[in-house]
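Commentary on secondary and tertiary structure
Residues per chain, in single letters:
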Amino acid sequence: MAVYENGNGSVFANDAKINLQRVPNLSDFFPDLPKYPNPLNENKYFHPSKGFFATETQFVAKSVTIDVSNPNPPNQKYFMLAGPREKVVFKSEDVKAAIVTCGGLCPGLNTVIRELVNGLWHQYGVRQISGVLAGYRGFYSSDTVYLDPKVVDSWHKVGGTMLDTSRGGMDLKKIVNSIEDRGYNVLFIIGGDGTLRGAHGIFEEIKRRGLKVSVACIPKTVDNDVAVIDRSFGFQTAVEAAQAAINAAHVEAESTPNGVGLVKLMGRSAGHIALHATLSSRDVDCVLIPEVPFFLKGPGGLLEFLDQRLAENGHCVIVVAEGAGQDLMPKSGDGAKDDSGNLLFQDIGYWLSGQLKKHRNENHPGKVFAVKYIDPTYMVRAVPSNATDTLYCTLLAHSACHGAMAGYTGFVAGPVNGTYCYVPLEQVAYNQHLVNVNHQKWAWVKSLTNQPEFVKPDSLP
Ligand code: ATP
Ligand code: MG
């Protein structure tokens, strides 16, 4: 097949334009950068044979479905295949790697750290690996910790992050000064949307200063709202933990007349955990997510639905994502933010539980009624990764190692259609993956729960 570049990142294959998404390489900025054979050639376990190394011409399509009437739609993107390259830009003994975790916790953080260390050590012979403590501020406010396979050996078995994390502390100048002073040339940054925006700033500043430093990122967010990639690590573990809370809510609800089990789950902008836990549990009568506005009173509202379900079934289980219904609650007025500048949300679960009780007391006086409100938020994200996520974290971390050693920079490692890729950092940092309410998955939720569409009649304010 004839494939040729048109000079601006696109190529033509058989005369069709293909939208290739390349990530930068240090050799783009330093054309004379020497390249070395990949140390995996010398590794007794690998024996690279033909096809072992990924090449510059291999890409992965974002969408796996094609319409034969339009096989190359303009919005189809192709991402670089991740994996070891034949040549690397660092000699093992020259690498000074740093690993940092920022933002909230997520199952699998320690597994990613462990596997970055193991990947660098065993596959690339890197011996200088530092853990930066407590997020971005750790670059300039504290000593680092030495990491080797022995130190991190059992880290995958515990939740949280052994390197600690924090919010705030993003002082770009101080961070890049510290990167220069400490001589790091390979950075692994693990964090959510805020962290990735910070990493993009670091990448740009490193470029401006002309430093030969590779910036590799691994997206972390338990909410699974990371753009482009299939799913974020820890998500499946979190769904499993969330389901345990829903089971408990169901038992509580069933064990009392007119019992309501109310579970609040993580999901600031995206309701993926609530949606997936609902689909997996089948005990949920109504799931409220940030993408679908709802209202309480009047025809088609939540309170009417509650009364119907209690009359029909004697109990009701409601799941609410933390970002849902924020517009319904009286504003606290202070617009308080956390140290990273994120707006602090009001507790929708606590508020909703009060509203349900008030409604039943006022409209069904004398009838037994109970709401059991369960908030498993921190339990869901503080657990260690399950088997699937541990494997996923391992492959992610190794993909990031291969990319950084090959000189790629300003990139995110992650799976696209089940194949590990390198994605330009800014595409992930400045976009979000929300629940697609036009997709059959949401339709399936509605048919399982029979919950209202929450279309407000015109007569209601
Ligand atoms: P999560 O939301 O999943 O907990 P996060 O990475 O979004 O993870 P934040 O606390 O928002 O968590 O941010 C983590 C770090 O990134 C903090 O040190 C914060 O100062 C920094 N940061 C946040 N937003 C930005 C931004 N827009 N530009 C630069 N740095 C940022
Ligand atoms: Mg965030």
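Structure report, in brief. Keep in mind that this is a model prediction, so the values were computed, not measured.

Turning to the overall build of the protein chain, a few remarks are in order. When helices and strands are tallied, the protein chain shows 13 helices and 18 strands. Here the C-alpha radius of gyration of the protein chain, 25 Å, is about what a compact globule of 461 residues would show, namely 23 Å. The C-alpha extent of the protein chain, read off along each of the three principal axes, is 80 × 60 × 40 Å. For the protein chain, the proportion of its 461 residues judged to be buried stands at 53%. Sequence-distant contacts in the protein chain: of pairs separated by 6 or more residues, those separated by 24 or more amount to 76%. Of the roughly 20400 Å² of accessible surface on the protein chain, 51% is carried by carbon and sulfur atoms. Separation between the mean location of the 43 positive side-chain charges and that of the 45 negative ones in the protein chain comes to 2 Å.

So, on to the pattern of salt bridges. A side chain with one charge may pair with a side chain of the opposite charge, provided their charged atoms come close. Tallying each qualifying case throughout the model produces 19 salt bridges. Its salt-bridge partner being K264, residue D347 comes within 3.3 Å of it at the nearest N-O pair. Separated by 83 residues along the polypeptide, D347 in the loop between β15 (315-321) and α9 (348-363) and K264 in strand β13 (residues 259-265) bring together distant segments of the chain. Close ionic contact of R309 with D285 constitutes a salt bridge, the shortest N to O distance being 3.0 Å. Pair noted here: R309 is in helix α8 (residues 302-313) and D285 is in the loop between α7 (272-281) and β14 (286-288), with a separation of 24 residues, a long-range link. Each of E180, E205, R208 and R209 takes part in a single network of salt bridges with overlapping partners.

Let us look at the packing of aromatic side chains. Aromatic rings considered in pairs are described by the distance between their centres and by the relative angle of their planes. Tallying each qualifying case throughout the model produces 7 aromatic pairs. Here the aromatic rings of F52 and F53 are separated by 5.0 Å at their centres, their planes lie at 90°, and the arrangement is edge-to-face. Their ring planes at 65° and their centres at 4.9 Å tell us that F411 and Y422 sit as a pair that is edge-to-face. Here Y422 lies in strand β18 (residues 419-424) and F411 lies in strand β17 (residues 411-416), a separation of 11 residues in the sequence. Here F411 and Y422 have matching classes, each one buried. Taken together, F46, F52 and F53 form an aromatic cluster joined through their ring pairs. Just above the ring of F345 sits the side chain of R268; from NZ or CZ to the centre is 4.0 Å.

To continue, consider the sheet that holds β15. Across the sheet, which stays open at both edges, the 4 strands sit in the order β14-β15-β13-β16 with parallel pairing between neighbours. Both edges of this open sheet fall to β14 and β16 (370-374), since each of them pairs with a single strand only. Put simply, the sheet's adjacent strands are angled 15° from each other on average, direction ignored. Here β14 runs beside β15; their pairing, made up of 3 bridges, is parallel. Considered in β15, the bridge of C286 is made with I318. Packing against the sheet, α8 makes contact with β13, β14 and β15, and its axis sits at approximately 145° to β15.

I99, L116, L187, F188 and F233 are the most contacted members of the largest nonpolar core, which totals 116 residues. In this structure, L187 is in contact with A98, F139, I179, I202, I206, V213, S214, V215 and A216, ignoring residues within four places of it in sequence. By size, the runner-up hydrophobic cluster in this structure holds 24 residues, among which are L288, V320, A324 and L356.

This part covers helix α6 (residues 235-254). Relative to the 28 Å expected for 20 residues at 1.5 Å per residue, α6 spans 28 Å between its end C-alpha atoms, a close match to the ideal helical length. F235, T237, A238, V239, A242, A245, I246, A249, H250 and A253 are the residues of α6 that are buried. As for α6, its buried residues are in contact with β13, α7, β15, β16, α10 (377-382) and α11 (387-405).

Glancing now at the site of ligand 1. Near ligand 1 there are 16 residues, and of these R167, G168, D193, T195 and S340 occur at the shortest range. Residue G104 places a main-chain N or O atom 2.7 Å away from an oxygen atom belonging to ligand 1. In this structure, R167 approaches ligand 1 through a side-chain N or O atom, which is 2.7 Å from an oxygen atom. Looking at the shell around ligand 1, its residues break down into 2 nonpolar, 10 polar and 4 charged.

Its identity is not glycine, yet A134 carries a phi of approximately 60°, on the positive side. Considering the arrangement of structural elements, one finds A134 in the loop between β9 (129-132) and α3 (138-141).

The rules behind these values
- Residues numbered from 1 in each chain as written.
- Chains lettered and ligands numbered in written order.
- Predicted model: local features only at pLDDT ≥ 70, side-chain atom pairs only at ≥ 80, totals over all residues.
- Heavy atoms only, no water.
- Helix = DSSP H or I, 4+ residues; strand = E, 2+ residues; numbered from the N terminus.
- Rg over C-alpha atoms; globule rule 2.2 N^0.38 Å.
- Buried < 20%, exposed > 50% of the residue type's maximum accessible area, 1.4 Å probe, protein only.
- Contact = heavy atoms within 4.5 Å.
- Areas by Shrake-Rupley, 256 points an atom, 1.4 Å probe, with all protein chains shown as cover.
- Lys, Arg positive; Asp, Glu negative; His and termini not counted.
- Charge placed at Lys NZ, Arg CZ, Asp CG, Glu CD.
- Salt bridge = Lys/Arg side-chain N within 4 Å of Asp/Glu carboxyl O.
- Phe/Tyr/Trp six-rings, centres within 6.5 Å; stacked < 30°, edge-to-face > 60°.
- Lys NZ or Arg CZ within 6 Å of the ring centre and 35° of its normal.
- Pairing = 2+ DSSP bridges.
- Axes fitted to C-alpha atoms, helices over the stretch in contact; angles between N-to-C directions.
- Core = buried A, V, L, I, M, F, W, Y, C linked by side-chain atoms within 4.5 Å.
- Expected span 1.5 Å × (residues − 1).
- Near = heavy atom within 4 Å.
- Polar contact = N/O pair within 3.5 Å; in protein donor to acceptor, adjacent residues only side chain to side chain.
- Nonpolar A, V, L, I, M, F, W, Y, C, P; charged D, E, K, R; others polar.

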